[in-house]
Amino acid sequence: MPNSRITRRMFIAGSGVAAVGVAFGAWKWRDAEQAPEPASALAPEAASVFSPVAWVSIASDNTVTIYSPAAEMGQGTMTSLPTVLAEEMEVDWSTVRVEQSPVNPGTFGNPGFGGAMVTGSSRTVRGYYLPLRLAGLQARRVMEQAAADIWGVPPTEVRAEKSTLIHESSNRRMTYGELAKVAKAPTTLPVVDKSMLKPMSAFTLIGKDVPRIDVPSKSDGSAIFGIDVRLPGMGWAAVKYAEVQGEKPLSVDSTEAEAVSGVKKVITLPYGVAVVADSFVTAKKARDLLVVTWSHDAPGRSYDSDEVMTEYVARAKQMTEAGTTWNKRGDAQAAINGAARTFTATYRSTHMAQMTLEPMNCTAWVQGDKIEIWAPSQIPSGVLGVAIQSGFKPENVKVNITLLGGGYGRRAEVDFAIDAVLIAKQMPDTPIQVIWTREDDFQRSKPRPMTAQHLSAGLDADGRIVGWRHRVTSEGATIRLAPALYDATGGKDPTVMKGSENVYDIPNQLAEHLPEKRGIDVGYWRGVGPSYTKFAAETLLDEIAAHLKKDPLQYRLDMLRASPRAQAVLRRTAEMANYPASRGAGHALGLAFSDAYESFIAMVVDVSIAEGRIVVHEVWAAVDCGHAISPANIKTQIEGSALYGLSAALGEKLDYKGGQAQQQNLHSYPILRANGTPLVHVEVIPTDNPPEGIGEVGLPPLAPAVANALAQLTGRRLYTLPFPATV
């Protein structure tokens, strides 16, 4: 990506929530991405500078360059976030250029993550939406004032439209680029607040299908992912890792490895041994010749996922053991004890890998006391932290975030960045690119937590649920990745427990976590908690409705009278699928609902069984996420997350024996193929509410909808994820 130095006037419009920099004049492009220079490095004609970093710049040719702070991993944030700012700034979208923002949490941090630069948990648009709208509004007000000063008219008589400033009574017009040539920095900044933002009815970009910024380069092959980074004199590294997490190399015989032509160096790391060579093929070949003696004392060495699951189930069903409260309303257990009828069910979900298309990789270059890093990362703040903790001063660290070939939470880890930084420190002045093989990725997996869930429901004499208790036994990621947050919230782990709360009208609810620590690190995954908590809740609800001989749709609608948005997506999905009309012999429709990530979605699936195997023919979904930034992109996200969930439900499973992952590549870890992919129909229902999560929203209702359809076909309920190979 090009580099920029501001060579004309630049000013910053900043509110208490966000700041927007509007750079007037031409950009001087250099050959590598870089943040705007500090004030002292600006060209002499830069008369007024309020901040060295900006959200947006305007060139004299009317080009508007907007920084996008989130990692683009196929979910479209490189388009949606600039769209939000451009909406309030009244920018002509045809003039917009988008660049990945510098890694500067102070300016570009996500409020949804406390100001850290993190992309995940469906919090990107949610976190940045209000700050970016306020930033765009303030930029527009500054330009309207500047134009008013030039024309000698009150700023209230100047309006902006499609990158043009207009004074109606005098019929004068000025483009943003023309203003950039002559504007002077204001002495005071306009004050803005959310009451001044456009109403939904006035949107010209939000809610429209703005073309994706990242698609052209991905289509013509010019897109730069982490694995595409090339630097002069670069070396490639392959790392031999311990078979069990937490073990260390005790001795290394590198004789054969060092004899391979092209090998530059063998480096012992605290957790493995790296080989650096003139190509990745050479590095991997030499790595495989290393003879390493490992420690055998890691807690995870005794981890057997099948055995542990049995223990998890027993603990989840031990109702006298109180867990960490995630959600509490009324007295659930008392309501269940006094109920006219009770239902219980126990659910199991296995570990699952993220399976990103692009393998883990990172490039680092140490020059003197400085380091530059290129990483396809969801957590730029974490990559920055790796360099700082490795001994580099913050001002001497530069992190470049490339496009990501899939994330799914795996790239919210920093282990691959640690590899690159530690190796590059041992080889100063040589850029080092670390690449993991698919086998490395499985061996070093930070999988979805394995869980046992035990649910209890109490009904009154009229069949209404009056008590609901949801217990989850599992390891968690928050205690490892965000220990301060974990402690501050009293041990609450959203990674595990999200989705166990719900909007159903159940007066007494309790969701509790029974945390475990077994020596195998678990991590984020697409949908994480809701991928299994909604499976359990929605299948039990369906089971209860069947026992009561009530229609599953109406049963849910009756419990959602206080949530008309939830009712609306259920009704619309039923209409789309013509639910519950029969699809013919051997077919059944299944229904599920989810309110995870504060969005509302309902899903219906058409399922049959062929030679004992589950076949999903069609999927229908309606979703309400509030302000829909780009409906077309939302549809693709729902489609993609639903198919990701279907792949997981039909057979993805990561087993551990002796602390080692038993699946090592796609031959033993089957994923959904094209010939097993159903048609997916999605309808977006925009409502005048702040935007909520989308990237993971289509996943939680998929598995329970399929399970509910199968119950109709077979009369048998499924309580495990993934489903059995044959039913």
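Residues numbered from 1 in each chain as written. Predicted model: local features only at pLDDT ≥ 70, side-chain atom pairs only at ≥ 80, totals over all residues. Heavy atoms only, no water.

Per an unreviewed UniProt entry, the protein chain goes by Isoquinoline 1-oxidoreductase subunit beta and derives from Achromobacter kerstersii.

Caption draft 1: Spotlight on the overall build of the protein chain. Within the protein chain one finds 20 helices and 31 strands. Per-residue burial over the protein chain gives 60% buried out of 727 residues. With an accessible surface of roughly 27,700 Å², the protein chain has 52% of that area assigned to carbon and sulfur atoms. Side chains of the protein chain carry 72 positive and 76 negative charges; the gap between the two charge centres is 1 Å. (Helix = DSSP H or I, 4+ residues; strand = E, 2+ residues; numbered from the N terminus. Buried < 20%, exposed > 50% of the residue type's maximum accessible area, 1.4 Å probe, protein only. Areas by Shrake-Rupley, 256 points an atom, 1.4 Å probe, with all protein chains shown as cover. Lys, Arg positive; Asp, Glu negative; His and termini not counted. Charge placed at Lys NZ, Arg CZ, Asp CG, Glu CD.)

Caption draft 2: Structural view of the environment of Val 291. You can see Val 291 is positioned in strand S15 (residues 291-294). On the basis of relative accessibility, which here comes to 48%, the residue Val 291 falls in the partly exposed class. Each C-alpha atom of the pair Val 291 and Ser 254 lies 6.6 Å from the other, and the pair is 37 residues apart in sequence. Here Val 291 is in contact with Ser 251, Val 252 and Asp 253, once residues within four sequence places are set aside. (Contact = heavy atoms within 4.5 Å.)

Caption draft 3: Summary view of helix H20 (residues 702-714). If you check H20, its first and last C-alpha atoms are 18 Å apart, about what 13 residues at 1.5 Å a residue would give, namely 18 Å. For H20, the buried fraction is high: 10 of the 13 residues fall into the buried class. If you check which residues of H20 are buried, you get Leu 702, Ala 703, Pro 704, Ala 705, Val 706, Ala 707, Asn 708, Ala 709, Leu 710 and Ala 711. (Expected span 1.5 Å × (residues − 1).)

Caption draft 4: Representation of the sheet that holds strand S16 (residues 324-329) within the structure. Read from one edge of the open sheet, 6 strands run S16-S24-S23-S22-S17-S31, paired in mixed fashion. Where the open sheet ends on each side, the last strands, each with one partner, are S16 and strand S31 (720-721). Sheet analysis places strand S23 (residues 465-474) next to strand S24 (residues 508-515), joined by 8 bridges and oriented parallel. Its bridge partner lying in S24, Trp 468 is registered against Gln 509. Most of the contacts of helix H16 (residues 528-547) go to strand S17 (residues 341-349), to which it runs at about 145°, and overall it touches S17, strand S22 (451-459), S23 and S31. (Pairing = 2+ DSSP bridges. Axes fitted to C-alpha atoms, helices over the stretch in contact; angles between N-to-C directions.)

Caption draft 5: Quick look at the confidence of the model for the protein chain. Mean pLDDT over the protein chain: 91, with 92% of residues reaching 70 or higher. The low-confidence segment residues 1-53 (pLDDT under 50) makes 155 contacts with residues lying over four places distant or belonging to another chain. (pLDDT = per-residue confidence, 0-100.)

Caption draft 6: The arrangement of the sheet that holds strand S30 (residues 679-684) in detail. Read from one edge of the open sheet, 4 strands run S25-S26-S27-S30, paired in mixed fashion. Both edges of this open sheet fall to strand S25 (587-594) and S30, since each of them pairs with a single strand only. Sheet twist, expressed as the mean angle between neighbouring strand axes with direction ignored, is 15°. Here helix H18 (residues 564-577) sits on the sheet in contact with S25, strand S26 (600-610), strand S27 (613-624) and S30, set at roughly 135° to S27. Where H20 meets the sheet, it contacts S25, S26 and S27, and its direction lies at approximately 40° from that of S26.

Caption draft 7: Quick look at the UniProt feature "domain: Aldehyde oxidase/xanthine dehydrogenase a/b hammerhead" (unreviewed entry) in the protein chain. If you check UniProt for "domain: Aldehyde oxidase/xanthine dehydrogenase a/b hammerhead" (unreviewed entry), the listed places come out as residues 220-298 in our numbering. Regarding residues 220-298, the helix share stands at 16% and the strand share at 35%, and the terminal C-alpha atoms are separated by 47 Å. (UniProt positions renumbered as here; feature names shortened; annotations may be inferred.)

Caption draft 8: How the structure looks around the nonpolar core. Grouped together as the largest cluster of nonpolar side chains are 80 residues, with contacts concentrated most on Leu 165, Ile 371, Ile 373 and Ile 423. Element by element, the count of residues in this core is highest for helix H3 (residues 124-151), at 11 residues. There are two domains that each give this core at least three residues, and those are domain 1 (49-208) and domain 2 (226-297 + 360-435). Apart from the residues lying within four places of it in its own chain, the contact partners of Ile 373 are Cys 362, Thr 363, Ala 364, Val 383, Ala 387, Lys 398, Val 399, Asn 400 and Val 421. Grouped together as the second largest cluster of nonpolar side chains are 79 residues, Ala 537, Met 559, Phe 593 and Leu 718 included. (Core = buried A, V, L, I, M, F, W, Y, C linked by side-chain atoms within 4.5 Å. Domains from an automatic or database assignment.)

Caption draft 9: Region of interest: the side chain of Asn 396. Within the secondary structure, Asn 396 is located in the loop between helix H10 (380-389) and strand S20 (397-401). Residue Asn 396 is classed as buried on the basis of its relative accessible area of 13%. Excluding its chain neighbours within four sequence positions, the residues that come into contact with Asn 396 are Asp 369, Lys 370 and Ile 371.

Caption draft 10: Local environment of the domain arrangement of the protein chain. Once the domains are mapped, the protein chain shows domain 1 (49-208), domain 2 (226-297 + 360-435) and domain 3 (305-352 + 447-721). If you look at the interface, domain 2 gives 8 residues, while domain 3 gives 13 residues. Around 810 Å² of area is buried between domain 2 and domain 3 when both sides are counted, 48% of it from carbon and sulfur atoms. Summed over the three residues of domain 2 that lose the most area to domain 3, namely Gln 245, Tyr 408 and Glu 413, the buried surface amounts to 65% of that side. Of the charged contacts in the structure, one is a salt bridge between Arg 480 and Glu 413, with a shortest N-O distance of 2.7 Å. In this assembly, domain 2 and domain 3 are joined by 4 residue pairs in polar contact (both at pLDDT 80 or more). (Buried area = accessible area lost by both parts, 1.4 Å probe. Salt bridge = Lys/Arg side-chain N within 4 Å of Asp/Glu carboxyl O. Polar contact = N/O pair within 3.5 Å; in protein donor to acceptor, adjacent residues only side chain to side chain.)

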